[in-house]
Amino acid sequence: MDVQRASTSLTQLQTDCVVVGIPEAESVEASVAELEHGLASLVQDLMDSGDFKAKAGQVLVVQRPMGLVAKRLVLVGLGRSDKRTAWSERECFTALGQTLHQLPIKSAHLDISSLVPGQTTASIERLGYALAYTSYHYDTTKPRKEPKTHQLGTVSTGDDAIVADALSQGLMIGEGANLTRELGNLPGNTCTPRYLASQAEHLSARYPKLEVEILDEDAMAEIGMHCLLSVSRGSDEPARFIIIKHMQDPDPTAKPKVLVGKGVTFDTGGISLKPGSAMDEMKFDMCGAATVMGCMQVVSALALPKNIIGVIGAVENMPSGRAIKPGDVVTTLSGQTVEILNTDAEGRLVLCDALTYVERFDPEAVVDIATLTGACLVALGKHNTGLLSTDDALAETLLTLGREVGDPCWRLPIEEPYQKLLDSNFADIANIGGRDAGTITAACFLSRFTDAYRWAHLDIAGTAWFSSGKAKGASGRPVPLLVEWLRQ
Ligand code: BES
Ligand code: MN
Ligand code: ZN
């Protein structure tokens, strides 16, 4: 989608569609107070008649609006200003985007001053994000549809470079989230570890400043990533370890921020086989990896002057005659041994070697992203991502940024008494801690491999995808949160 700037007044603009935001206020007069005269009387009529109430996310399309040159007027309700949050703003803009993409229009003009009261760049970015986000539609494995002749390809704003720039940046973040969603939505028989590696190569072909390195199983065995490889043993799909670097800090000695993604392209549970219901959703078990890819695309598209490294442990978790069994002991890259009591707790076995690997980058901080525990979904539902960290300042930063951008997370503790639950009689550490506090013991496991740097863990088991009905599919979270963190 292109962003253009227009200097004509709203009522005189020649365009397929003019989009205006209306706050829900005590009186209709207050709602329309900021609008141009010709527009205000039309909107006032629509509100007086009760056709439009300006509730948050309400969208109304008016054909051939009186007093406007434009073919259509689209009104979007912004709800009450005292109830507005980054999250509710996202919902409003998403509803708007859905309507716009369903209309047979090629261009739309956005009246930023009414859509974004205060005109903060963060809110304008969210608008851009929502427009990109709602332009995505999964059809990769559906029979080809007729190409759409009228696709919203251009959006215009007023003649203000800062506004247009913020909108473009939001679009870029939305496009990154769409990459994350596409990779998440692809079925497990397409999106294998080798496919993820090829997509990383593809990304660096499109964004030449990204450097990509791929380790195959021999290369991983050679350096001692036996814990990651143990998960992959039961699968006919070979594992891959993917490293994507964006080294653009003008200070060459600047330490990098590092993202580590869980890339289990399908999680059957292995020998500790999962029950059948909803097992298809375990194709989403690589959403951490997809988040890393989406973020790396965004940092490159935004040309952030920073050093940022993304790594992905990509494996498939399958049962077979060669698969690891409960009771098996494996040696991690760190040298610590692990007793695998449940082969379905495989994400941590992949991540622990990745977390040790990234020590070599001497990171400023590391954040891993993983669909790690069903327990996180039980604890926090599908609204907040689970946040666990051994570094209070880093945790506080992520918590605050999450609220600010409308991609929230909620902290759970990592504390010594939980660590004991991982004691093993046969290895340095067991890979499960029993029934209680599943999200915490998973993070405790990871924490044994993160002593060398500041670290936080995001458990996206609840937030990475929507489970039911027409909305079923990857959500693109937490790309907005992480992009915000990487920008700091
Ligand atoms: N990928 C799953 C976690 C998961 C399950 C995410 C359902 C989203 C929805 C992970 O590999 C897993 O199986 N975890 C086990 C851990 C347990 C064996 C300690 C779980 O959560 O049941
Ligand atoms: Mn599992
Ligand atoms: Zn898993």
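Cut-offs used in this document
All residue numbers refer to position in the chain's written sequence, counted from 1. Chain labels run from A onward and ligand labels from 1 onward, assigned in the order the entries are written. In view of the model being predicted, local features appear only for residues whose pLDDT reaches at least 70, and side-chain atom pairs are presented and counted only at 80 or more, with totals across whole chains, interfaces and linings using the full set of residues. Side-chain numbers come from the whole structure's heavy atoms, not from hydrogens or water. By nonpolar core is meant a set of buried Ala, Val, Leu, Ile, Met, Phe, Trp, Tyr and Cys residues that side-chain atoms within 4.5 Å join together. Each residue is placed in one exposure class: buried if its accessible area under a 1.4 Å probe, protein chains only, is under 20% of its type's maximum, exposed if it is over 50%, and partly exposed if it falls in between. Helix and strand definitions follow DSSP, with helices as H or I runs of at least four residues and strands as E runs of at least two, each counted in order from the N terminus. Segmentation of the chain into domains, including their bounds, is taken from an automatic or database domain assignment. The criterion used for residue contact is that any of the two residues' heavy atoms lie within 4.5 Å. To estimate how far a helix should reach, multiply one less than its number of residues by 1.5 Å. Under this definition, polar contacts are N or O atom pairs within 3.5 Å; protein pairs additionally need one hydrogen-donor-capable and one acceptor-capable atom, and for neighbouring residues in sequence, both atoms have to be side-chain atoms. With water omitted from the atoms examined, metal sites may look incomplete; donors here are N, O and S atoms no farther than 2.8 Å from the metal, or 3.2 Å in the case of Na, K and Ca. A four-donor site is classed as tetrahedral when every donor-metal-donor angle falls between 85 and 135 degrees; four donors are called square planar, and six octahedral, when trans pairs exceed 155 degrees and all remaining angles lie between 65 and 115, with any other arrangement labelled irregular. Think of it this way: one heavy atom of a residue within 4 Å of a molecule or strand is enough to make that residue near it. Per-residue and other accessible areas follow the Shrake-Rupley method at a 1.4 Å probe size, with only the shown protein chains counted as cover for residues. Classes in brief: Ala, Val, Leu, Ile, Met, Phe, Trp, Tyr, Cys and Pro nonpolar; Asp, Glu, Lys and Arg charged; the others, Gly included, polar. By convention in this document, the label disulfide applies to cysteine sulfur atom pairs within 2.5 Å. Note on geometry: axes are C-alpha line fits, over the in-contact stretch for helices, and angles between N-to-C directions span 0 to 180 degrees. In this scheme, roughly parallel covers angles under 35 degrees and roughly antiparallel covers those over 145, while 65 to 115 is roughly perpendicular and the rest are oblique. Two helices crossing with the near one rotated counterclockwise from the far one by less than a right angle form a left-handed crossing, whereas a clockwise rotation gives a right-handed crossing. Whether two strands pair depends on DSSP finding at least two bridges between them. Grid spacing is 1 Å over the protein atoms alone, the probe is 1.4 Å, and a cavity is where that probe fits but cannot get out, while a pocket is an open set with protein on both sides within 12 Å along at least five of seven lines and lining residues have an atom within 4 Å of a point. Grid points are joined across faces, edges and corners, and a volume is the space filled by probe spheres set on the points.

**Q** Would you mind going over the nonpolar core with me for this structure?
**A** A general trend in soluble globular proteins is that nonpolar side chains are found buried together. Membership of the largest hydrophobic core comes to 60 residues, with the highest contact counts inside it found for Leu259, Val367 and Trp485. Here this core takes nine residues from helix H10 (residues 287–301), the largest share from any one element. In terms of domain composition, this core takes at least three residues from each of domain 1 (2–172) and domain 2 (191–487). When sequence neighbours within four positions are dropped, the list of residues in contact with Leu259 reads Val292, Cys295, Ile309, Gly310, Val311, Val367, Ile369, Leu482, Trp485 and Leu486. Counting residues in hydrophobic clusters, the runner-up holds 46 residues, among them Val330, Ile340, Val350 and Tyr453.

**Q** When you look at helix H13 (residues 392–405) in this model, what are you seeing that I'm missing?
**A** For an α-helix the count is 3.6 residues per turn, leaving residues at separations of three or four pointing the same way. For H13, built from 14 residues, the straight-helix expectation of 20 Å at 1.5 Å per residue is met to within 8% by its first-to-last C-alpha distance of 20 Å. Taken as a whole, H13 has its buried residues at Leu394, Ala395, Leu398, Leu399, Leu401, Gly402 and Val405. The N-terminus of H13 is capped by Asp391, whose side-chain oxygen sits 3.1 Å from the backbone nitrogen of Ala393. Looking at the residues trailing H13, positive phi occurs at Gly406, about 80 degrees.

**Q** How should I be thinking about the coordination of the zinc ion (ligand 3) in this particular structure?
**A** The textbook angles at a metal center are 109.5 degrees for a tetrahedron of four donors and 90 or 180 degrees for an octahedron of six. Donor atoms from the polypeptide that coordinate the zinc ion (ligand 3) comprise Lys262 (NZ), Asp267 (OD), Asp285 (OD) and Glu346 (OE), at 2.0 to 2.4 Å from the metal. If you look at the zinc ion (ligand 3), its six donor atoms make angles of 78 to 175 degrees with each other, and the shape they trace is octahedral. For the zinc ion (ligand 3), the single-chain donor residues occur in sequence as K-x4-D-x17-D-x60-E. The manganese ion (ligand 2) is placed at 3.2 Å from the zinc ion (ligand 3), the two being bridged by Asp267. Look at Asp267 and you get buried, because its relative accessible area is 3%.

**Q** How do you make sense of the coordination of the manganese ion (ligand 2) when you look at a structure like this?
**A** On the protein side, the manganese ion (ligand 2) has Asp267 (OD), Asp344 (O), Asp344 (OD) and Glu346 (OE) as donor atoms, found 2.1 to 2.2 Å from it. For the manganese ion (ligand 2), the six donor atoms in the first shell make angles of 71 to 167 degrees at the metal, a pattern classed as irregular. In primary sequence terms, the donor set of the manganese ion (ligand 2) follows D-x76-D-x1-E. Given the relative accessible area of 23%, Asp344 is considered partly exposed.

**Q** What is the right way to read the site of ligand 1 from this model?
**A** Taken together, the neighbourhood of ligand 1 is formed by 16 residues, with Lys274, Asp285, Asp344, Glu346 and Gly374 sitting nearest. At 2.8 Å from an oxygen atom of ligand 1 is found a side-chain nitrogen or oxygen belonging to Glu346. Contact distances for ligand 1 include 3.4 Å between a nitrogen atom and a backbone N or O atom of Leu372. Alone, ligand 1 offers 510 Å² of accessible surface; in the complex the protein occludes 78% of this. The class makeup of the residues in the shell around ligand 1 is five nonpolar, four polar and seven charged.

**Q** Explain the state of the cysteines here, please?
**A** What the rule picks out here adds up to zero disulfides. For the unlinked cysteine Cys295, the closest cysteine sulfur is that of Cys287, found at 13 Å. Between Cys444, a cysteine without a disulfide, and Cys376, which holds the nearest cysteine sulfur, the sulfur-to-sulfur distance is 14 Å.

**Q** What is the right way to read the packing of H13 against helix H16 (residues 479–487) from this model?
**A** Working note: a packed helix pair is described by the angle between its axes plus the distance between those axes. Axis separation between H13 and H16 bottoms out at 9 Å; the angle between their running directions is 120 degrees. In terms of their interaxial angle, H13 and H16 are classed as oblique. Read as a crossing pair, H13 and H16 show a hand that is right-handed. On H16, the residues touching Leu394, Thr397, Leu398, Leu401, Gly402 and Val405 of H13 are Pro480, Leu481, Glu484 and Trp485. Residues belonging to the contact of H13 with H16 are distributed by class as follows: seven nonpolar, two polar and one charged.

**Q** Can you help me understand the pairing of strand E11 (residues 328–331) in this one?
**A** Regular strands show a simple pattern: their side chains alternate between the two faces of the sheet. Across four bridges, the pairing between E11 and strand E12 (residues 337–340) is antiparallel. Counterpart to Thr331 in the pairing with E12 is Thr337. Hairpin remark: E11 followed by E12, antiparallel, with five residues in the connecting loop; positive phi at Gly335, about 100 degrees.

**Q** What should I look at first to understand the packing of helix H11 (residues 347–357) against helix H15 (residues 438–447) in this one?
**A** Where H11 meets H15, the axes come as close as 9 Å, and the angle between the chain directions of the two elements is 30 degrees. Comparing their axes, H15 and H11 come out roughly parallel. Note that H11 runs across H15; the crossing there is right-handed. Contacts from Arg348, Leu349, Leu351, Cys352 and Leu355 of H11 reach H15 at Ala442, Phe445 and Leu446. For the contact of H11 with H15, a count of residues per class yields seven nonpolar, no polar and one charged.

**Q** What's the story with the layout of surface pockets in this structure? I'm lost.
**A** Space left empty within the atom packing is revealed by a probe, the size of a water molecule, rolled over the atoms. Considering only enclosed or pocket space, the largest pocket measures out at about 1,700 Å³ in volume. Taken together, 44 residues line the largest pocket, and the ones lying closest to its centre are Tyr133, Thr134, Tyr136, His137 and Arg181. Secondary structure elements with two or more residues in the lining of the largest pocket: helix H3 (86–102), helix H5 (121–133), helix H6 (161–185) and strand E19 (473–474). The element best represented in the lining of the largest pocket is H3, accounting for eight residues. Counting only domains with at least three residues in the lining of the largest pocket, you end up with domain 1 (2–172) and domain 2 (191–487). Within this model, the second largest pocket holds a volume of roughly 810 Å³. Lining of the second largest pocket is provided by 32 residues; of these, Lys274, Asp344, Leu372, Thr373 and Gly374 occupy positions nearest its centre. At the level of secondary structure, the elements contributing two or more residues to the lining of the second largest pocket comprise strand E9 (257–267), H11, helix H12 (374–380) and H15. The greatest single-element share of the lining of the second largest pocket, amounting to three residues, is contributed by H12. Within the lining of the second largest pocket, the residues separate by chemical class into 11 nonpolar, 11 polar and 10 charged.

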